[in-house]
Amino acid sequence: MKRFLVIILTVAAMVGRAQEPSGAPPVSKLDEFMETGMEVEGVRAPYYDDDGNLQAQLYGGYAKVLENGLADVTNLRVDVYQDAEVVLMIFAPQCFTKVIGAGEEKALTVFSDGDVLIELPEMSIFGRGFRFSSTDNRFEILHDSKVLLKESARRMEDVEL
């Protein structure tokens with residue numbers, strides 16, 4: 001169980017800092033191009049570690065930039081990778097994202113009053129309302145959270161809760 005919580009917290013750290021893989025040419029960050037009223041369909045944003053390994057990939061079906069850099073994102077999915085395999089997925093039908101700060105001191109916040117689902121091989125976690133801040137790398141489900149253990153988790157040995 002501790003391993004799963006570490007993975008969830010790792011998601012927070014990765015989503016907070018988008019990077020290009022090592023050796024890639026420098027690319028301007030997405031928030032530098034965001035203008036109020038801009039609409040984008042089929043959003044995909046990969047996140048790499050310092051060694052160029054894919055850590056997470058954020059997908060959005062549709063995003064619209066609102067006032068002050070706030071973006072309304074629908075059909076959010078975040079895939080989290082470990083050793084080149086997806087180990088965790090986060091789904092939300094609708095959320096808001098905002099990059100706060102300037103220069104290298106930017107932080108990402110993601111929040112919603114809607115549903116959220118976190119899928120792991122051994123369990124599913126779902127609830128209503130969530131918020132994430134890359135400042136403290138915290139992902140929090142606000143209401144009605146539930147954990148559903150899958151059969152594979154019930155047979156696990158050597159797991160300390």
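Residues numbered from 1 in each chain as written. Predicted model: local features only at pLDDT ≥ 70, side-chain atom pairs only at ≥ 80, totals over all residues. Heavy atoms only, no water.

1. Some remarks on the overall build of the chain
No. 1: In terms of regular secondary structure, the chain is built from two helices and seven strands.
No. 2: The order of helices and strands in the chain, counted from the N terminus, is α-β-β-β-β-β-β-β-α.
No. 3: Here the chain holds 161 residues, and 33% of them are scored as buried. (Helix = DSSP H or I, 4+ residues; strand = E, 2+ residues; numbered from the N terminus. Buried < 20%, exposed > 50% of the residue type's maximum accessible area, 1.4 Å probe, protein only.)

2. Section: the sheet that holds strand 6 (residues 123-133)
No. 1: Spatial strand order, 1-2-3-4-5-6-7: seven strands in an open sheet with antiparallel pairing. Both edges of this open sheet fall to strand 1 (39-48) and strand 7 (138-149), since each of them pairs with a single strand only. Direction aside, the axes of adjacent strands within the sheet are offset by 25 degrees on average.
No. 2: Relative to strand 3 (residues 71-82), strand 2 (residues 54-65) runs antiparallel, the two being bridged by eight bridges. Of the residues in strand 3, the one forming a bridge with glutamine 57 is aspartate 79. (Pairing = 2+ DSSP bridges. Axes fitted to C-alpha atoms, helices over the stretch in contact; angles between N-to-C directions.)

3. Topic: the packing of aromatic side chains
No. 1: Applying the stated criterion to the full structure yields two aromatic pairs.
No. 2: Centroid distance phenylalanine 130 to phenylalanine 139: 5.5 Å. Interplanar angle 15 degrees. Geometry classified as stacked.
No. 3: A relative accessible area of 16% places phenylalanine 139 in the buried class.
No. 4: Between arginine 77 and the ring centre of tyrosine 59, over which it is positioned, the NZ or CZ distance is 4.3 Å. (Phe/Tyr/Trp six-rings, centres within 6.5 Å; stacked < 30°, edge-to-face > 60°. Lys NZ or Arg CZ within 6 Å of the ring centre and 35° of its normal.)

4. Quick word on unusual backbone geometry
No. 1: Not every positive phi belongs to a glycine, and alanine 84 is a case in point at roughly 65 degrees.
No. 2: Considering the arrangement of structural elements, one finds alanine 84 in the loop between strand 3 and strand 4 (85-100).

5. What to know about the environment of aspartate 79
No. 1: Residue aspartate 79 is classed as buried on the basis of its relative accessible area of 4%.
No. 2: Considered as a pair, aspartate 79 and isoleucine 90 are eleven residues apart in the sequence and their alpha carbons are 6.7 Å apart.
No. 3: Those residues in contact with aspartate 79, other than ones at most four positions away along the chain, are Gln55, Ala56, Gln57, Tyr59, Val86, Leu88 and Met89. (Contact = heavy atoms within 4.5 Å.)

6. Points about the pattern of salt bridges
No. 1: Under the criterion given, the structure shown has four salt bridges.
No. 2: Among the salt bridges present, the one from glutamate 119 reaches lysine 150, with a minimum N-O distance of 2.8 Å. Taken together, the residues span a long stretch of sequence, with glutamate 119 in strand 5 (residues 107-119) and lysine 150 in the loop between strand 7 and helix 2 (151-154) at a distance of 31 residues.
No. 3: For aspartate 144, the salt bridge goes to arginine 128, with nearest N and O atoms at 3.0 Å. Linking aspartate 144 in strand 7 with arginine 128 in strand 6, this pair joins segments that are 16 residues apart in sequence.
No. 4: Arginine 128 gets classed as partly exposed once you look at its relative accessible area, which sits at 37%. (Salt bridge = Lys/Arg side-chain N within 4 Å of Asp/Glu carboxyl O.)

7. Points about the nonpolar core
No. 1: Core analysis: the largest hydrophobic core is formed by 27 residues, its most contacted members being Leu58, Leu76, Leu88, Ile90, Ile118, Phe130 and Phe139.
No. 2: When residues of this core are traced back to their parent elements, those giving at least two are strand 1, strand 2, strand 3, strand 4, strand 5, strand 6 and strand 7. (Core = buried A, V, L, I, M, F, W, Y, C linked by side-chain atoms within 4.5 Å.)

8. Let's talk about the confidence of the model for the chain
No. 1: Confidence in the prediction for the chain averages 75 pLDDT; 70% of positions are at 70 or higher.
No. 2: Per-residue pLDDT stays below 50 along residues 1-29; that stretch engages in 55 contacts with residues further than four places along the chain or on separate chains. (pLDDT = per-residue confidence, 0-100.)

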